[in-house]
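Here is how the chains run, residue by residue.
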Amino acid sequence: MVSHEENGDGEVEPDSDLRNFGETVKAFRKRAELTQEQLAERVGYSVQYVGSVEQGRRHPSVKFVNRSEEALDAFGVIRIAAKQLQRRRGLASWFRRWAELEDVAVALNTYECRSIPGLLQTEAYGRAQIDNVPPLVTAGEAEARITARAERQKLLVRTPYITFSFIIEQAVIERRTGGAEVTGEQIDHLLECTKLPNVDIQIMPTIQPFHAGTDGPFRLVETEDNEWLGYSEGQKTGLVISDAKAISVLHQRYAKLRIQALNPADSAGLLMRMRGSL
């Protein structure tokens, strides 16, 4: 019997990764000279589910991947394609290009005034963010986002080291996203991250008359080819910036922000005081 989880519900907007996976399944199905109905019967899913996967409108379950691999004798190709897909599941479509750049970074500079940067978030803080921002997502999508964030965070300790600089507004922490307990755990995690040899965390004081970041948050990345690119994100959108003049402006602003924020040692001291006041 086909369960509710295995029917055609839960579709998403197609993207290139899902379409590529769907085309892979479709190619092996046709190689086996099977219809969608016949494949659905062999793997124990509905025809609608198979069709949605092939059209790139649904993330395949692990069970579907394994059963399709066996039913279509796909030489491991479907499993490999699914692993590539899972690495990107949970990342917003507009963020994926930047995530690829992070993965080949030599240095990454981040100024954030809205929330703790994803690379530094605890799981509890991340879940609180997901719960706070409409629309509500399914449990599966929430887990996908948390998993994707945890995968990105491995960059902090990957060798050879990436050089990280984070400037975070004090008000972001004082907001107490998720409550006092979640905030305390998040501060403890930030303090642990400050001990990493490749990570600098600076706090921008709430009262700072001279502030170069009033145009909003942004990031700068140096790639393995020593090319600098920028990133700016808003509501449901993100932009990778490559124009040399625009990158120069962002560098100037980030340099000012590093001077205006507390230095790393004083920032750690402030974090400890904030922790003690919870």
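Residues numbered from 1 in each chain as written. Predicted model: local features only at pLDDT ≥ 70, side-chain atom pairs only at ≥ 80, totals over all residues. Heavy atoms only, no water.

## Concerning the overall build of the protein
Point 1. Tallying secondary structure elements over the protein gives 12 helices and six strands in all.
Point 2. With the C-alpha coordinates aligned to their principal axes, the bounding extent of the protein is approximately 70 × 40 × 30 Å.
Point 3. Counting over 278 residues, the protein shows a buried share of 45%.
Point 4. Considering only contacts in the protein between residues 6 or more positions apart, those separated by 24 or more positions represent 73%.
Point 5. Counting every atom, the protein has about 14,800 Å² of accessible surface; 51% of that belongs to carbon and sulfur.
Point 6. Each charge sign in the protein was given a centre, from 35 positive and 39 negative side chains, and these centres are 1 Å apart. (Helix = DSSP H or I, 4+ residues; strand = E, 2+ residues; numbered from the N terminus. Buried < 20%, exposed > 50% of the residue type's maximum accessible area, 1.4 Å probe, protein only. Contact = heavy atoms within 4.5 Å. Areas by Shrake-Rupley, 256 points an atom, 1.4 Å probe, with all protein chains shown as cover. Lys, Arg positive; Asp, Glu negative; His and termini not counted. Charge placed at Lys NZ, Arg CZ, Asp CG, Glu CD.)

## Digging into the environment of Asp-225
Point 1. With respect to the element layout, Asp-225 can be found in the loop between strand S4 (218–223) and strand S5 (228–234).
Point 2. Among the residues examined, Asp-225 registers a relative accessible area of 64% and is labelled exposed.
Point 3. Expressed as a C-alpha distance, the spacing of Asp-225 and Val-104, which sit 121 residues apart in the sequence, is 9.0 Å.

## Digging into the side chain of Glu-222
Point 1. Within the secondary structure layout, Glu-222 lies in strand S4.
Point 2. For the buried residue Glu-222, which engages in no salt bridge, the nearest side chain bearing the opposite charge is Arg-258, 10 Å off.
Point 3. In contact with Glu-222, other than residues within four places in its own chain, are Val-104, Ala-105, Val-106, Ala-107, Glu-227 and Trp-228. (Salt bridge = Lys/Arg side-chain N within 4 Å of Asp/Glu carboxyl O.)

## Some thoughts on the packing of aromatic side chains
Point 1. Under the defined criterion, the tally for this structure stands at nine aromatic pairs.
Point 2. Taken together through their ring pairs, the aromatic side chains of Tyr-45, Tyr-49 and Phe-64 make up a single cluster. (Phe/Tyr/Trp six-rings, centres within 6.5 Å; stacked < 30°, edge-to-face > 60°.)

## Observations concerning the pattern of salt bridges
Two side chains of opposite charge can pair, provided their charged atoms sit close to one another.
Point 1. Across all of its chains, the model carries 15 salt bridges by this definition.
Point 2. Glu-102 is the salt-bridge partner of Arg-152, the closest N and O atoms lying 2.9 Å from each other. One end of the pair, Arg-152, is in helix H8 (residues 139–153); the other, Glu-102, is in helix H6 (residues 96–103), with 50 residues separating them in the sequence.
Point 3. Taking relative accessible area as the criterion, Arg-152 reaches 12% and is therefore assigned buried.

## Thoughts on helix H3 (residues 47–54)
Every α-helical turn comprises 3.6 residues, leaving residues that sit three or four positions apart pointing alike.
Point 1. Burial runs high along H3: six of the eight residues are buried.
Point 2. Buried within H3 we find Tyr-49, Val-50, Gly-51, Ser-52, Val-53 and Glu-54.
Point 3. Turning to H3, the residues buried within the fold contact helix H1 (16–31), helix H2 (36–43) and helix H4 (62–72).
Point 4. Directly beyond the C-terminal end of H3, a positive phi value near 75° is found at Gly-56.

## A short note on the packing of H2 against H3
Point 1. Relative orientation of the contacting elements H2 and H3 amounts to 110°, with a least axis distance of 8 Å. In terms of orientation, H2 and H3 fall into the roughly perpendicular class. By crossing handedness, the relation of H2 to H3 is classed as right-handed. For the pair H2 and H3, the contacting residues are Gln-36, Glu-37, Leu-39 and Ala-40 in the first and Val-47, Val-50, Gly-51 and Glu-54 in the second.
Point 2. When the residues that make up the contact of H2 with H3 are grouped by side-chain class, the tally is four nonpolar, two polar and two charged. (Axes fitted to C-alpha atoms, helices over the stretch in contact; angles between N-to-C directions. Parallel < 35°, antiparallel > 145°, perpendicular 65-115°, else oblique. Left-handed = near helix turned anticlockwise from the far one by under 90°. Nonpolar A, V, L, I, M, F, W, Y, C, P; charged D, E, K, R; others polar.)

## Re the nonpolar core
Point 1. One finds Leu-120, Phe-164, Phe-166, Ile-168 and Ile-201 to be the most contacted residues of the largest nonpolar core, which totals 35 residues.
Point 2. Every element with two or more residues in this core is listed here: H6, strand S1 (105–112), strand S2 (163–169), helix H9 (170–174), helix H10 (180–193), strand S3 (199–204), S5 and helix H12 (264–276).
Point 3. Among the elements that make up this core, the one with the highest residue count is H10 (five residues).
Point 4. If we ignore the near neighbours within four places in the chain, the residues touching Leu-120 are Gln-153, Leu-156, Phe-166, Ile-168, Gln-186, His-189, Leu-190, Cys-193 and Ile-201.
Point 5. With 20 residues, the next largest nonpolar core counts Phe-21, Leu-39, Val-53 and Phe-64 among its residues. (Core = buried A, V, L, I, M, F, W, Y, C linked by side-chain atoms within 4.5 Å.)

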